[in-house]
Amino acid sequence: MSSDTSGNPSDGVSGNPTARKHTALPKAQILIEALPWLTRHRGKTVVIKFGGNAMIDEELKAAFAQDVVFLHHAGLKPVVVHGGGPQISAALERHGIVSEFKAGLRVTTEDAMDVVRMVLAGQVQRELVGLLNQHGPLAVGLTGEDAHTITATKHQPRIEGELVDIGRVGEITEIDTGAIEALLADGRIPVVSSIARSQDDGHVYNVNADTAAAALAAALDAETLMVLTDVEGLYEDWPHSDEVISRLTAKELEKLLPELASGMVPKMEGCLHAVRNGVETARVIDGRVQHSILLEIFTDEGIGTMVVPDAPVDDMKGEAA
């Protein structure tokens, strides 16, 4: 027998396709599964709210950056919006400022606002931009203050029937997408900190990042809003069941809102706002799962909870018929 092992059929293994295991075949099958989704989403804008454990776990942060860059190279237009709850709380503690929440929102005094601004624009955003730019000169950071991207007025939530002052927390009144659209047209990935310019008093406001992401998604006419959380999705009957609702309409979500835990309310209100203002789908996904973004957008199964617009009246008549 010949001792040649260069792929000659005489070697009995390396030259025999039926005898050699194609270990890469599952990878090819995964790529093929992604093909219709790649075709569907190519050229579309996707707004991703970055938050939860994905912001503080090093491996999850790296995986998130890889996912966003993958979307970019796959022909989508990702826009990242971030808050920085854990980092802000830690910084406030270092500065001797007590963290307090009312109606699910951080009470933000003047002193706290200085810290919030510093952490979001100077720490969280810079780290995220750096992670994305490890893969090329792609990411550009900006805050809602820049180019009047996000404008807000003072927000006073109603608690037990009374309006409550929670400091420099903003309610979004206007979105200007010009700077973001220019970056997308230039092939960049905008990374937006959830700080807004004031509409009326010259100050800046701390804006809930879920709310900011939803408003930007609607203003950009995005195809999808994706909100990373620390849960699997919206639960059917929490805490009695951990069954995740995989899909629901805007009306179905609206009925559930009064029953939700306070931490989920801004996220689900954001999803509701998005799909009622032109966004095709809004998805709440588990940011604790590596590459959850790719699993949700490029696989048949998907993960998390997807919110869709209500069916048009004509469609509903058709179904009834």
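In short, a report on the structure. (Residues numbered from 1 in each chain as written. Predicted model: local features only at pLDDT ≥ 70, side-chain atom pairs only at ≥ 80, totals over all residues. Heavy atoms only, no water.)

### So, the overall build of the protein chain
Across its full length, the protein chain holds 10 helices and 16 strands. Counting every position in the protein chain, which comprises 321 residues, the buried fraction comes to 45%. When contacts within the protein chain are restricted to residue pairs at least 6 apart in sequence, those whose partners lie at least 24 apart make up 71%. Looking at the protein chain as shown, the accessible area adds up to about 16,100 Å², and 52% of this sits on carbon and sulfur atoms. (Helix = DSSP H or I, 4+ residues; strand = E, 2+ residues; numbered from the N terminus. Buried < 20%, exposed > 50% of the residue type's maximum accessible area, 1.4 Å probe, protein only. Contact = heavy atoms within 4.5 Å. Areas by Shrake-Rupley, 256 points an atom, 1.4 Å probe, with all protein chains shown as cover.)

### Regarding the packing of helix α6 (residues 209–219) against helix α8 (residues 265–275)
Between α6 and α8, whose axes approach to 8 Å, the crossing angle comes to 10°. One way to sum up the angle between α6 and α8 is to call them roughly parallel. Where α6 abuts α8, its residues Asp210, Ala214, Ala215 and Ala218 lie against Pro266, Lys267, Gly270, His273 and Ala274. Considering only residue class, the contact of α6 with α8 consists of five nonpolar, two polar and two charged. (Axes fitted to C-alpha atoms, helices over the stretch in contact; angles between N-to-C directions. Parallel < 35°, antiparallel > 145°, perpendicular 65-115°, else oblique. Nonpolar A, V, L, I, M, F, W, Y, C, P; charged D, E, K, R; others polar.)

### Quick look at the side chain of Thr249
With respect to the helices and strands, the residue Thr249 is situated in strand β14 (residues 247–249). The contact partners of Thr249, leaving out residues within four places of it in the chain, are Val307, Val308 and Asp310.

### Notes on the packing of aromatic side chains
Tallied over the full model, the rule gives one aromatic pair. Plain terms: the ring middles of Phe50 and Phe64 are 4.2 Å apart, the flat faces sit at 25° to each other, and that makes the pair stacked. On the criterion of sequence distance, the pair formed by Phe50 in strand β1 (residues 45–50) and Phe64 in helix α2 (residues 58–73) is long-range, its members being 14 residues apart. The side chain of Arg168 reaches across the aromatic face of Tyr205, ending 4.4 Å from its centre. (Phe/Tyr/Trp six-rings, centres within 6.5 Å; stacked < 30°, edge-to-face > 60°. Lys NZ or Arg CZ within 6 Å of the ring centre and 35° of its normal.)

### Some remarks on the packing of helix α3 (residues 85–94) against helix α4 (residues 110–133)
Interhelical geometry of α3 versus α4 gives an angle of 130° and a closest axis separation of 9 Å. In terms of their interaxial angle, α3 and α4 are classed as oblique. Judged by the sense of rotation from one axis to the other, the crossing of α3 with α4 is right-handed. Here Gln87, Ile88, Ala91 and Leu92 of α3 lie close against α4, whose contacting residues are Ala112, Val115, Val116, Val119, Leu120, Gln123 and Val124. By residue class, the composition of the contact of α3 with α4 is nine nonpolar, two polar and no charged. (Left-handed = near helix turned anticlockwise from the far one by under 90°.)

### Observations concerning the sheet that holds strand β9 (residues 170–175)
Spatial ordering of the open sheet is given by β9-β6-β11-β12, a layout of four strands whose pairing is mixed. With partners counted over all chains shown, the strands left at the sheet margins are β9 and β12 (204–206), one partner each. When the angles between neighbouring strand axes are averaged without regard to direction, this sheet yields 50°. Pairing analysis gives two bridges linking strand β6 (residues 150–154) to strand β11 (residues 195–198), with the strands arranged parallel. Residue pairing for β11: Thr151 is matched across the bridge by Arg197. Of the strands in this sheet, β11 and β12 are in contact with α4, which crosses β12 at around 80°. Along the sheet face, α6 touches β6 and β9 and points at about 15° away from the line of β9. (Pairing = 2+ DSSP bridges.)

### Side note on the pattern of salt bridges
Scanning the entire structure with this criterion turns up 15 salt bridges. One salt bridge in this structure joins Lys102 and Glu100, with 3.9 Å as the shortest N-O distance. A relative accessible area of 39% means that Glu100 is categorised as partly exposed. Across the pair Glu110 and Arg168 runs a salt bridge, and its minimum N-O distance is 3.4 Å. Of this pair, Glu110 sits in helix α4 while Arg168 sits in the loop between β8 (162–163) and β9; the two residues are 58 residues apart in sequence, bridging distant segments of the chain. Take Glu110: its relative accessible area is 43%, and that puts it in the partly exposed class. Three or more residues are tied together by salt bridges with common partners; here these are Lys49, Asp210 and Lys267. (Salt bridge = Lys/Arg side-chain N within 4 Å of Asp/Glu carboxyl O.)

### Digging into the sheet that holds strand β15 (residues 281–286)
Pairing within the open sheet is mixed, and its eight strands lie in the order β5-β10-β2-β1-β13-β15-β16-β14. Since the sheet does not close on itself, it has two edges, and those belong to β5 (139–143) and β14, each with one partner. Adjacent strand axes in the sheet meet at a mean angle of 20° when their direction is disregarded. Of the pairings in the sheet, the one linking strand β13 (residues 224–229) to β15 comprises six bridges and is parallel in character. Bridged to Thr224 within β15 is Thr281.

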